[in-house]
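Given next are the chains, with one letter for each unit.
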Amino acid sequence: MLRLGKDLIAAAHRFRISELKMLAENTLVEGCVINVKNVVEYFMFAHATDCALLKEYALTYLILHVEDVLHSNQTKKLQEAPELMSEVLVSVAKGDNKTQHSRIRMMSVGEMRKELAHQGMDVNGSKDVLISRLE
């Protein structure tokens, strides 16, 4: 479903099939499909299709990786959408309170285990257990 996620969302949005849209949106977010190369594309797509969860995820990712994104060609796309560029700048300036929490949730299990080991904490457990220890 990850490969078809955007197509499913676009179709579900067009035909107003909310449950399918939310299912595809959740799958994309849980699949961690966003990276530096596609974060702006997903952010703009989520805005255009009213996918609040995906948009929040993309915006958080963008904020956490703002320097890498700025050094990529992605910012050119954002410049074509002043409303979204403004949203990003406001979020960066505010230092969104959810950033630390979101940063932890976006970490891979390997990254979580490294951080926990660095803090001298137990590295064994499910991803949810690791997240709760880091929070």
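It should be noted that the structure appears before, not after, this text.
The shown structure was predicted, so the numbers you read here are calculated from the model rather than taken from an experiment.

Asker: Can you walk me through helix H3 (residues 39-48) in this structure?
Answerer: Since the α-helix advances by 3.6 residues per turn, residues separated by three or four positions end up pointing in the same direction. When we look at burial in H3, the residues that qualify are Val-39, Val-40, Tyr-42, Phe-43, Phe-45 and Ala-46. The inward-facing, buried residues of H3 contact helix H1 (5-14), helix H2 (18-30), helix H4 (52-64), helix H5 (66-70), helix H6 (74-79) and helix H7 (82-94). Positioned one or two residues after H3, Asp-50 has a phi angle of 55 degrees, which is positive.

Asker: Sorry, what's going on with the side chain of Asn-38 here?
Answerer: Its place among the elements puts Asn-38 in the loop between H2 and H3. Ignoring anything within four residues of it in the chain, the contact list for Asn-38 reads Val-33 and Gln-74.

Asker: Explanation requested: the state of the cysteines in the structure shown.
Answerer: Disulfide: a covalent bond connecting the sulfur atoms of a pair of cysteines. Summed over the entire model, instances satisfying the criterion amount to zero disulfides. We note that Cys-32 lacks a disulfide partner, and the nearest cysteine sulfur, in Cys-51, lies 17 Å from it. Of the residues examined, Cys-32 reaches a relative accessible area of 37% and is grouped as partly exposed.

Asker: Explanation requested: the pattern of salt bridges in the structure shown.
Answerer: When charged atoms on two side chains of opposite charge get close, those side chains can pair. What the rule picks out here adds up to three salt bridges. Note that Lys-6 and Glu-41 form a salt bridge whose closest N and O atoms lie 2.3 Å from each other. Within this pair, whereas Lys-6 is found in helix H1, its partner Glu-41 is found in helix H3, the two being separated by 35 residues in sequence. Relative accessible area serves as the criterion here: at 33%, Glu-41 is assigned to the partly exposed category. Residues Asp-122 and Arg-133 are paired through a salt bridge, measuring 3.5 Å at the closest nitrogen-oxygen approach. Of the two residues, Asp-122 sits in the loop between helix H9 (109-118) and helix H10 (127-134) while Arg-133 sits in helix H10, which places them 11 residues apart along the sequence.

Calculation notes
- Residues numbered from 1 in each chain as written.
- Predicted model: local features only at pLDDT ≥ 70, side-chain atom pairs only at ≥ 80, totals over all residues.
- Heavy atoms only, no water.
- Buried < 20%, exposed > 50% of the residue type's maximum accessible area, 1.4 Å probe, protein only.
- Helix = DSSP H or I, 4+ residues; strand = E, 2+ residues; numbered from the N terminus.
- Contact = heavy atoms within 4.5 Å.
- Disulfide = S-S within 2.5 Å.
- Salt bridge = Lys/Arg side-chain N within 4 Å of Asp/Glu carboxyl O.

Everything listed is a geometric property; what it means functionally is a separate question.
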